Amino acid sequence: DFSVQKEEYHSDDVFVLREEHNLVLNTNLEIDLQTEQMIEKSEGLWKCKVCLKTANGKQQIKKHAETHIEGVSHTCHICSKTLSSRNSLKVHITDNHSQLSFTCNFCDKTGMTKMQYR
């Protein structure tokens, strides 16, 4: 049986999901600490220890590694779509729910979101 509890943690709201006193979901800080443990620098490249994917930048591979953390998902507060990482959620909101309006330079169609414009 799961229950969501709100706790105070260094003046930030933290939502945790508990199952019989076992912590199931994590705070942003805990996710960051987990991703740090899932990556390593090897021969000048950052590598995901889970799937061995490599990247030049540490932040790029940390964003990737977050997708491997089981039980963690991020839900769009606008459309309720569930995404596997904080970065995916940020990109989704920018691409699909941004107040920016794009206009096609070829056909003059207006009022498109970034995703529609592509």
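Up top you'll find the structure we're talking about.
These lines cover the structure that appears in this document, whether it is placed above or below.

Conventions we followed
Residues numbered from 1 in each chain as written. Predicted model: local features only at pLDDT ≥ 70, side-chain atom pairs only at ≥ 80, totals over all residues. Heavy atoms only, no water. Helix = DSSP H or I, 4+ residues; strand = E, 2+ residues; numbered from the N terminus. Buried < 20%, exposed > 50% of the residue type's maximum accessible area, 1.4 Å probe, protein only. Contact = heavy atoms within 4.5 Å. Pairing = 2+ DSSP bridges. Salt bridge = Lys/Arg side-chain N within 4 Å of Asp/Glu carboxyl O.

Helix and strand counts for the chain stand at four helices and eight strands. Ordered by position in the sequence, the α and β elements of the chain form the string β-β-β-α-β-β-β-α-β-β-α-α. Within the chain, the proportion of its 118 residues that are buried is 24%. In the chain, the share of contacts with a sequence separation of at least 24, taken over all contacts with a separation of at least 6, comes to 15%.

On to the pairing of strand 5 (residues 45-48), then. Here strand 5 shows a clear split, with W46 and C48 buried on one side and none of L45 and K47 buried on the other. Taken together, the four bridges between strand 4 (residues 39-42) and strand 5 define a ladder with antiparallel strand orientation. Bridge pairing in strand 5 links K41 to W46. Between strand 4 and strand 5, which pair antiparallel in sequence order, lie two residues; one of them, E43, sits at a positive phi of approximately 55°. Between strand 5 and the antiparallel strand that follows it, strand 6 (residues 54-55), lie five residues; L52 among them carries a positive phi value of about 70°.

In this section: the pattern of salt bridges. Tallying each qualifying case throughout the model produces five salt bridges. K47 is the partner of E40 in a salt bridge, and the nearest nitrogen-oxygen pair spans 3.3 Å. A salt bridge links R86 to E66; the shortest N-O distance between them is 3.0 Å. On the criterion of sequence distance, the pair formed by R86 in helix 3 (residues 86-97) and E66 in helix 2 (residues 58-66) is long-range, its members being 20 residues apart. One salt-bridge network, in which partners are shared between bridges, spans D32, E66 and R86.

By themselves these figures say nothing about function.
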